[in-house]
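As a plain string of letters, each chain reads:
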Amino acid sequence: MPELPEVETSRRGIAPHIEGRKVERVTVRDARLRWPVPSNLPALIEGQELLEVARRGKYLLLRFASGSVLMHLGMSGNVRIVSSKTKLLKHDHVDIAFAGGKILRLNDPRRFGAVLWTSEPVEVHPLISHLGPEPLSEDFTAELLYQRSRKRTQAVKTFIMDSRIVVGVGNIYANEALFKAGIRPTKPAGKVSRAAYAVLFDEIRQVLSKAIKQGGTTLRDFVGGDGKPGYFKQELTVYGRGGEPCVVCEKPLKEVRLGQRSTVYCTDCQK
DNA sequence: CAGCGCCCCTGCCCGC
DNA sequence: TGCGGGCAGGGGCGCT
């Protein structure tokens, strides 16, 4: 479900409700996420004030004085603010209840998500330390894409989806940015020109920021922390449209699999 | 190291 | 209506 825009939408939706509040109770109904939810999580944060809800890549970071909760939504996770009266749904695995009555609730049918704890600065955590720059920060540049791609034979699509290169570009937005940039997803990353990376760089940033503005993409059931769906779906030009006409030239879009992920492009518009 | 496949898991949709 | 197969927004890990 979530790529960077959806995680950012979730962060913005939940933060105002819980920042500055004390954790009253942690309830883990099912600890079997990608990694087991630490059994001492309640002891670690109950009674502590949540200082900030931050984000790094697709990780949500709940910062406390003594450390941070790392939360990942995987493919199917979402977080919502609920009350004690809210009916429990299937797959509501973790609750963090705050003083004042608001509850942060994680629902994740496929359980590819994670809830972890680190008492060290998050930047040194093994899941975070190797991550590339944030796509909407100044650390991300066209030149970085160009330099890091030299001599690489892998497809440019899997290259831009590699979180060591840049974080937050998932399958939807990789397809969309490559279409807008006129670059064929299967082209070896090392053969994409500096000029083409300059365009791709702009398109990645544009598609991500536009999606954030619209509250993310709701394909099936994504809702932000405020319970509202995202409206970016209507902007999708290639994702999920294999076989349908290209919005520019009307030729049927081609669909292939790249790294086990569906990849859609226009054989005329993308070279 | 680079690059590629596998796999974790549930739900849904499609075709028979 | 039931059932099997394939696919889904991620990404760590192990192998070559």
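Residues numbered from 1 in each chain as written. Chains lettered and ligands numbered in written order. Predicted model: local features only at pLDDT ≥ 70, side-chain atom pairs only at ≥ 80, totals over all residues. Heavy atoms only, no water.

(A) Looking closely at the domain arrangement of chain A. Each domain of chain A was delimited in the assignment, giving domain 1 (4-129) and domain 2 (142-265). Facing 17 residues of domain 1, the contacting portion of domain 2 comprises 18 residues. Carbon and sulfur atoms supply 66% of the area that domain 1 and domain 2 bury against each other, a total of about 1,300 Å² over both sides. When the buried surface of domain 1 facing domain 2 is broken down by residue, Pro5, Glu6 and Thr9 rank first, second and third, together holding 38% of it. Across the domain 1-domain 2 interface, the total number found is 0 salt bridges. Taken together, domain 1 and domain 2 are joined by 2 residue pairs in polar contact (both at pLDDT 80 or more). At the level of elements, helix H1 (4-18) and strand S5 (78-82) are the ones that each hand at least two residues to the side of domain 1 that touches domain 2. Within the side of domain 1 that touches domain 2, the residues separate by chemical class into 6 nonpolar, 5 polar and 6 charged. (Domains from an automatic or database assignment. Contact = heavy atoms within 4.5 Å. Buried area = accessible area lost by both parts, 1.4 Å probe. Salt bridge = Lys/Arg side-chain N within 4 Å of Asp/Glu carboxyl O. Polar contact = N/O pair within 3.5 Å; in protein donor to acceptor, adjacent residues only side chain to side chain. Helix = DSSP H or I, 4+ residues; strand = E, 2+ residues; numbered from the N terminus. Nonpolar A, V, L, I, M, F, W, Y, C, P; charged D, E, K, R; others polar.)

(B) How the structure looks around the pairing of strand S2 (residues 52-56). In this sheet, strand S3 (residues 59-64) lies alongside S2 in antiparallel orientation, the contact comprising 5 bridges. Its bridge partner being in S3, Glu52 is matched across the sheet by Arg63. (Pairing = 2+ DSSP bridges.)

(C) Inspection of the protein's contact with DNA strand B at higher detail. Taken together, Lys90, His91, Pro109, Arg110, Arg111, Phe112, Arg152, Thr153, Gln154 and Gln260 make up the full set of residues adjacent to DNA strand B. Considering the 4 Å shell around the protein, atoms of DNA strand B inside it are sugar or phosphate in 59% of instances. Within the surface near DNA strand B, the residues separate by chemical class into 2 nonpolar, 4 polar and 4 charged. (Near = heavy atom within 4 Å.)

(D) Quick look at the packing of aromatic side chains. One pass over the full model with this rule turns up 4 aromatic pairs. Where Phe159 meets Tyr197, the ring centres are 6.2 Å apart and the plane angle is 65°; that geometry is what we call edge-to-face. Pair noted here: Phe159 is in helix H5 (residues 156-160) and Tyr197 is in helix H7 (residues 194-213), with a separation of 38 residues, a long-range link. The exposure class assigned to Phe159 is buried, which follows from its relative accessible area of 0%. Take Tyr197: its relative accessible area is 0%, and that puts it in the buried class. A cation sits over an aromatic face here: Arg34 above Trp35, 5.2 Å from the ring centre. (Phe/Tyr/Trp six-rings, centres within 6.5 Å; stacked < 30°, edge-to-face > 60°. Buried < 20%, exposed > 50% of the residue type's maximum accessible area, 1.4 Å probe, protein only. Lys NZ or Arg CZ within 6 Å of the ring centre and 35° of its normal.)

(E) Seen up close, the pattern of salt bridges. In total, this model carries 14 salt bridges according to the counting rule given. A salt bridge links Glu8 to Arg55, with the shortest nitrogen-to-oxygen separation between them at 2.7 Å. With Glu8 in helix H1 and Arg55 in strand S2, this residue pair connects regions lying 47 residues apart in the sequence. Classification of Glu8 as buried rests on a relative accessible area of 6%. Among the ionic pairs, Glu134 bridges to Arg55, the shortest N-O distance being 2.9 Å. You can see Glu134 sitting in the loop between helix H3 (126-129) and helix H4 (142-149) and its partner Arg55 sitting in strand S2, a full 79 residues away along the chain.

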